[in-house]
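Residue-level listing of the chains:
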Amino acid sequence: LGGPDPLDYVSMYRNLGNPALNVPEHWHYVSFGLSDLYGDNRVHEFTGTDGPSGFGFELTFRLKRETGESAPPTWPAELMQGLARYVFQSENTFCSGDHVSWHSPLDNSESRIQHMLLTEDPQMQPVQTPFGVVTFLQIVGVCTEELHAAQQWNGQGILELLRTVPVAGGPWLITDMRRGETIFEIDPHLQERVDKGIETDGSNLSGVSAKCAWDDLSRPPEDDEDSRSICIGTQPRRLSGKDTEQIRETLRRGLEINSKPVLPPINAQRQNGLNLDRAPSRKDSLESESSAAIIPHELIRTRQLESVHLKFNQESGALIPLCLRGRLLHGRHFTYKSITGDTAITFVSTGVEGAFATEEHPYAAHGPWLQILLTEEFVERMLEDLEDLNSPEEFKLPKEYSWPEKKLKVSILPDAVFDNPLH
């Protein structure tokens, strides 16, 4: 299927499967264009034969073939174009184990398959080309409950569970858009395996791009002499364009892991609802791993704050228990990066190295980046107080939580609040 940039085209194949392995017949889609097809620097910079070819990967997708279907549906190609467009615009790459929150049936039907996990294609091995190495990452359609499990634990763990359930993917992880049950409804014992994995391993998710903001309550916001005015989630009031760009660069460097962003900077207008979450490496240091390692710039001083107000939309707020239970109780950290500006909020535990928040000064800010250090005792208390976040169907907005002795307030607000630049 030919199409506009970014992909040159998407090939579609009829795959007969493997009856011996209980792999059904399906349609196999393969993209071309994320890797370097030409080697002439027109699209991708040539980095050598030993480096990645272009972005270093192509996308694949396996869709169950329906009885009597003589031609492959074309919507998977459009889906792959949407993901490729995100990669080209953001220059963020995908990795095996990543998950993508799509928030809509992948085929625009009434299907429960509304999100994606990414893994290595079971048939297509990495290829050495004259223009570098290409790997093949397969898109796997999943239900919302399975996405949440991947967030709370890790993508690879959920992919392994999907492989054990033939109707949910099987060994080749074939997406069936007509699947009406989650793997936890098909086999309730799988939830126990996830719960045990979370308890043992914690969550591999170090942060998400989100609708969030924070206010410094230590001084009145109308105090023009208070440099905290840059931290409300809007554009800085008293910094030049050059200074603001330097802050952005510091923020970008802080989001990098092995030269790749842990939390890709999502544009204010999300592409088809795309919201990518990246699993980190397993080091517990903000300096090497974190989505929040900041290299202080001389223009921006690190400030200790007395009182803070955190603001999240409902989707972001629902991840706070994951942040506390799956990350901080395991000595790790978790970052919310605003999709509407440079604002970021990082929760850190006492075991994380490289944080500028300390037990003596648990709230610290560096420009628009806030760090909050929480002790294990306080985390346990917050989990009790925030228990209703686990029941979104019973949730009414706005919702406020407050811990006066800690001088901390958390508000869960409607999306419209974050769409207004003057919030």
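Cut-offs used in this document
Counting starts from 1 at the beginning of each chain's written sequence and moves along it residue by residue. Residue-level local features of this predicted model are given only where pLDDT is at least 70; pairs of side-chain atoms are given and counted only at 80 or more, and the full residue set underlies all totals for whole chains, interfaces and linings. As a rule here, side-chain values come from all non-hydrogen atoms in the structure, and water together with hydrogens is ignored. UniProt positions are given in the numbering used here, feature names are shortened, and annotations may be inferred rather than shown by experiment. Under the DSSP-based scheme used, a helix requires at least four consecutive residues in state H or I and a strand at least two consecutive residues in state E, with every element numbered from the N terminus. Throughout, exposure labels follow a simple rule: accessible area from a 1.4 Å probe, protein chains only, divided by the maximum for the residue type, with under 20% read as buried, over 50% as exposed, and the rest as partly exposed. Each accessible area value is a Shrake-Rupley result obtained with a 1.4 Å probe; residue values ignore everything except the protein chains displayed when judging cover. Two strands qualify as a pair provided that DSSP identifies no fewer than 2 bridges between them. Where helices are involved, their axes are fitted lines through C-alpha atoms of the stretch in contact, as for all axes, and angles between N-to-C directions lie from 0 to 180°. Working rule for contacts: check all heavy atoms of both residues, and any pair within 4.5 Å makes them a contact. Patch building starts from residues that exceed 30% relative accessible area and form no salt bridge, then joins like charges within 9 Å and nonpolar side chains (Val, Leu, Ile, Met, Phe, Trp, Tyr) within 5 Å. Just to be clear on terms, a salt bridge is a Lys or Arg side-chain nitrogen sitting within 4 Å of an Asp or Glu carboxyl oxygen. Put simply, buried Ala, Val, Leu, Ile, Met, Phe, Trp, Tyr and Cys residues joined by side-chain atoms within 4.5 Å make one nonpolar core.

Named according to an unreviewed UniProt entry, the protein chain is Suppressor of fused homolog originating from Setophaga kirtlandii. In its Sequence similarities (unreviewed entry) section, the UniProt entry covering the protein chain states "Belongs to the SUFU family."

Okay, the overall build of the protein chain next. Within the protein chain one finds 10 helices and 20 strands. When each of the 423 residues of the protein chain is scored for burial, the buried share is 52%. Of the roughly 19000 Å² of accessible surface on the protein chain, 48% is carried by carbon and sulfur atoms.

Read across the sheet, 4 strands follow the order S9-S14-S20-S19 without closing on themselves; strand pairing throughout is mixed. Looking at which strands have only one partner, the edges of the open sheet turn out to be strand S9 (212-216) and strand S19 (399-403). Each strand of the sheet is rotated relative to its neighbour by a mean of 15 degrees, with strand direction disregarded. Sheet topology places strand S14 (residues 308-313) next to strand S20 (residues 408-413); 6 bridges connect them, and they run parallel. When the bridges of S20 are listed, Lys311 appears paired with Ser411. Its contacts with the sheet put helix H9 (residues 376-385) on S19 and S20, and the angle it makes with S19 is roughly 150 degrees.

Spatially, 6 strands are ordered S8-S15-S16-S18-S17-S13 in an open sheet, and the strand pairing comes out mixed. Two strands lie at the open edges of the sheet, namely strand S8 (207-210) and strand S13 (302-304), each paired on one side alone. Across this sheet, the average inter-strand angle for adjacent strands is 20 degrees, counted without regard to direction. Pairing geometry for strand S16 (residues 344-348) and strand S18 (residues 369-373), over 5 bridges, is parallel. Considered in S18, the bridge of Ile345 is made with Leu370. Its contacts with the sheet put helix H8 (residues 320-327) on strand S15 (333-338) and S16, and the angle it makes with S15 is roughly 155 degrees.

A contiguous nonpolar surface patch, about 240 Å² in accessible area, is contributed by Leu37, Tyr38 and Val43. The residue Leu37 is located in the loop between strand S2 (26-32) and strand S3 (52-64) in this model. Its relative accessible area of 31% is what places Leu37 among the partly exposed residues.

Time to look at the pairing of S2. The element S2 is extensively covered by neighbouring structure, given that 6 of its 7 residues are classed as buried. Pairing of strand S1 (residues 9-15) with S2 involves 7 bridges; the strand directions are antiparallel. Its bridge partner lying in S2, Arg14 is registered against Trp27. Pairing analysis gives 5 bridges linking S2 to S3, with the strands arranged antiparallel. Bridge pairing in S3 places Tyr29 opposite Phe61.

Before going further, it helps to spend a moment on the nonpolar core. If you look at the biggest cluster of nonpolar residues, it comprises 36 residues, and the most contacted ones within it are Leu310, Phe312, Leu324, Tyr336, Ile345 and Phe347. For Phe347, the residues in contact, after removing those within four places along its chain, are Leu310, Phe312, Cys323, Leu328, Arg332, His333, Phe334, Tyr336, Ile372 and Leu374.

This structure, assessed with the given rule, holds 14 salt bridges. In this structure, Glu160 and Arg163 form a salt bridge, with 2.5 Å as the shortest nitrogen-oxygen distance. Of the two residues, Glu160 and Arg163 are both situated in helix H3 (residues 155-163); the distance of 3 residues between them amounts to about one turn of the helix. Connected via shared salt-bridge partners are Arg14, Glu25 and Arg65.

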